[in-house]
Amino acid sequence: MSALVELNSVTKIYGNKKAVDNVNLQVQEGEILALLGPNGSGKTTLLKILALLEAPTEGTIKFQGELVTEKNAEKMRTQSTLVFQRTLLFDTTVYNNVAYGLKIRKMPRNMIDAEVKKALQLVKLDGFEKRHAKKLSGGEQQRVAIARALVLKTKLLLLDEPTANLDPKNASIIEDAISTLNREYKTTIVMATHNMFQAKSLPQRVALMNEGQITETGAPAEIFGKLSKNLVRFAVLDNTFAGTAEATSAGTIIVDIGNGVQVEVTEQRQGKVSIFVNPQDIILSKHAVESSARNVLKGRVTEIKDLGSIVKLKVDVGKPFTVQVTKRSFNEMELNLGSEVYIAFKASSVQVL
Ligand code: ADP
Ligand code: MG
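Predicted model, so just to flag it, every value in this text is computed and none were measured.

**A closer look at the overall build of the protein chain**
And then number 1: If you tally the helices and strands in the protein chain, you get ten helices and 20 strands.
And then number 2: Computed over C-alpha atoms, the radius of gyration of the protein chain comes to 22 Å, within 12% of the 20 Å expected from 2.2 N^0.38 for 353 residues, which places it in the range of a compact globule.
And then number 3: Here the C-alpha coordinates of the protein chain stretch approximately 65 × 45 × 40 Å along the principal axes.
And then number 4: Taken across its 353 residues, the protein chain has 51% of its residues classed as buried.
And then number 5: Here the contacts in the protein chain between residues at least 6 apart in sequence split such that 66% fall between residues at least 24 apart.
And then number 6: When the accessible surface of the protein chain is summed, it comes to about 17100 Å², and 48% of that surface belongs to carbon and sulfur atoms.

Structure representation (structure tokens):
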């Protein structure tokens, strides 16, 4: 593999804020690289630099071995596409949105039609050409935004938290499109995420970011397999907790994650561990129901985020857990900020990182 983009000692300063701090990074041709880090760690800024939309304050960039300068930046910029986290679609049909970049490139109409069709198939919006883009659901709009970017078939596709705030169905369609694009068209993809689960399954390589720096890079198995110090610092990510594991007589382990919160886990480990619980594996209820789930914790709702068909909640049980429920169950449970609730999950759905 050779490097498609190479950043050498790249720093970006806004005012007196170092958004990106002395980053050295090679994006290899054909790979999916995930930038994983908490909010404010510099992911978006790094993507803008890779897209050549922001010039670094210090350091240099090479694109396909050629040094990027003020003079050639505009030409080289056409080799990549960045999809922002909040994309605004044009106020017209899905077809016009996706075809836009190809029309500018003066591609013949019949070829545009075929490319638009293929791109829409990739994001499972077959036949949506004539629909009005702004009237689609949030998830569908995000899929149109991705189709609009991937139809350009640029060498490099940059995605800023492509599935943030989407329900699991829309998120998995987008994840599938990303992996198909990479496999079939060999598109190099760099995506920012703060979803640890996504970073574990989709990319070939993960770069951990913290305070503007890349603290570690490696294959997901390397990064998540060992107890990386940097990963533990990421306890700020959803449902990831550092703790100490002790064996029980039942053959499971109890992980003490602090603040009086103990989690039972089926995996066998001792000592310091990090655990992760997928929000989708947590059951939320208003009463302590009889259940086979080994972990039942009482807490209060501290945050409610309406994502359309699902609602994401933060429940403080001593430690904050992110939970998601369908809009319908949310309404049925009549939950408010401060409501007392129970969360339940199986010992076998806790992943030890
Ligand atoms: P992330 O995408 O990981 O959340 P960002 O790259 O957006 O991180 O931001 C990194 C840091 O740089 C943050 O502290 C943010 O407030 C700051 N920052 C980003 N863009 C600007 C800007 N245009 N002006 C001032 N500060 C900025
Ligand atoms: Mg960002």
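**Observations concerning the nonpolar core**
And then number 1: Within the largest apolar cluster, 46 residues are counted, with the highest numbers of intra-cluster contacts made by V94, V98, L159, I178 and F224.
And then number 2: Per-element tally for this core: the top contributor is helix α5 (residues 138-150), with six residues.
And then number 3: Here I178 is in contact with I32, L159, P162, I189, M191 and L202, once residues within four sequence places are set aside.
And then number 4: Core analysis: the second largest hydrophobic core is formed by 30 residues, F241, V317, F330 and L335 among them.

**Section: the side chain of N182**
And then number 1: Topologically, N182 is positioned in helix α6 (residues 168-185).
And then number 2: Polar side-chain contacts of N182 include one of 2.9 Å to the backbone oxygen of T187.
And then number 3: In contact with N182, not counting residues within four places along its chain, are G30, E31, I32, T187, I189 and Q204.

**Remarks on the pattern of salt bridges**
And then number 1: The full count for this structure, using the stated rule, is 13 salt bridges.
And then number 2: Of the charged contacts, one joins E115 and K153 as a salt bridge, the two residues approaching to 2.7 Å between their closest N and O atoms. One end of the pair, E115, is in helix α4 (residues 109-122); the other, K153, is in the loop between α5 and β7 (156-160), with 38 residues separating them in the sequence.
And then number 3: Take K153: its relative accessible area is 39%, and that puts it in the partly exposed class.
And then number 4: Put simply, E115, K118 and K153 are held in one network by salt bridges that share partners.

**Brief notes about the site of ligand 1**
And then number 1: With respect to spatial proximity, the complete set of residues near ligand 1 consists of Y14, K17, A19, P38, N39, G40, S41, G42, K43, T44 and T45.
And then number 2: For ligand 1, the protein covers 63% of the area, taking 560 Å² as the surface of the free molecule.
And then number 3: Elements with a minimum of two residues in the shell around ligand 1: β2 (17-28) and α1 (43-50).
And then number 4: Here the element with the most residues in the shell around ligand 1 is α1; it accounts for three residues.
And then number 5: Looking at the shell around ligand 1 residue by residue, the classes come out as three nonpolar, six polar and two charged.

**A word on the packing of aromatic side chains**
And then number 1: Overall, the coordinates contain three aromatic pairs when judged by the stated rule.
And then number 2: Ring geometry for F90 and Y100: centres 4.8 Å apart, planes at 50°, overall tilted. Here Y100 lies in helix α3 (residues 94-104) and F90 lies in the loop between β6 (80-83) and α3, a separation of ten residues in the sequence.
And then number 3: Judged by its relative accessible area of 35%, F90 falls in the partly exposed class.
And then number 4: Overall, the relative accessible area of 42% leaves Y100 in the partly exposed class.
And then number 5: When the centroid spacing of 4.6 Å and the interplanar angle of 40° are considered together, the rings of F241 and F321 count as tilted. Here the residue F241 occupies a position in strand β11 (residues 240-247), and F321 occupies one in strand β18 (residues 320-326), the gap between them amounting to 80 residues.
And then number 6: In this structure, R131 packs its charged tip against the face of F128, placed 4.5 Å from the ring centre.
And then number 7: Over the face of the ring belonging to F90 we find R148, whose NZ or CZ atom lies 4.8 Å from the ring centre.

**So, α5**
And then number 1: The end-to-end C-alpha distance of α5 is 19 Å, a good match for the 18 Å that 13 residues give at a rise of 1.5 Å each.
And then number 2: Across the 13 residues that make up α5, a large majority, twelve, are buried.
And then number 3: For α5, the full list of buried residues reads G139, E140, Q141, Q142, R143, V144, A145, I146, A147, R148, A149 and L150.
And then number 4: On its buried side, α5 packs onto β6, α3, α4, β7 and α6.

**Some thoughts on the packing of α3 against α5**
And then number 1: One can describe the packing of α3 onto α5 by two numbers: an axis separation of 7 Å at closest approach and a directional angle of 30°. When the interaxial angle is binned, α3 and α5 end up roughly parallel. Remark: the crossing between α3 and α5 carries right-handed chirality. Residues V94, N97 and V98 of α3 form the contact with α5, whose participating residues are V144, A147 and R148.
And then number 2: Class assignment of the residues belonging to the contact of α3 with α5 gives a composition of four nonpolar, one polar and one charged.

Definitions and limits used
- Residues numbered from 1 in each chain as written.
- Chains lettered and ligands numbered in written order.
- Predicted model: local features only at pLDDT ≥ 70, side-chain atom pairs only at ≥ 80, totals over all residues.
- Heavy atoms only, no water.
- Helix = DSSP H or I, 4+ residues; strand = E, 2+ residues; numbered from the N terminus.
- Rg over C-alpha atoms; globule rule 2.2 N^0.38 Å.
- Buried < 20%, exposed > 50% of the residue type's maximum accessible area, 1.4 Å probe, protein only.
- Contact = heavy atoms within 4.5 Å.
- Areas by Shrake-Rupley, 256 points an atom, 1.4 Å probe, with all protein chains shown as cover.
- Core = buried A, V, L, I, M, F, W, Y, C linked by side-chain atoms within 4.5 Å.
- Polar contact = N/O pair within 3.5 Å; in protein donor to acceptor, adjacent residues only side chain to side chain.
- Salt bridge = Lys/Arg side-chain N within 4 Å of Asp/Glu carboxyl O.
- Near = heavy atom within 4 Å.
- Nonpolar A, V, L, I, M, F, W, Y, C, P; charged D, E, K, R; others polar.
- Phe/Tyr/Trp six-rings, centres within 6.5 Å; stacked < 30°, edge-to-face > 60°.
- Lys NZ or Arg CZ within 6 Å of the ring centre and 35° of its normal.
- Expected span 1.5 Å × (residues − 1).
- Axes fitted to C-alpha atoms, helices over the stretch in contact; angles between N-to-C directions.
- Parallel < 35°, antiparallel > 145°, perpendicular 65-115°, else oblique.
- Left-handed = near helix turned anticlockwise from the far one by under 90°.

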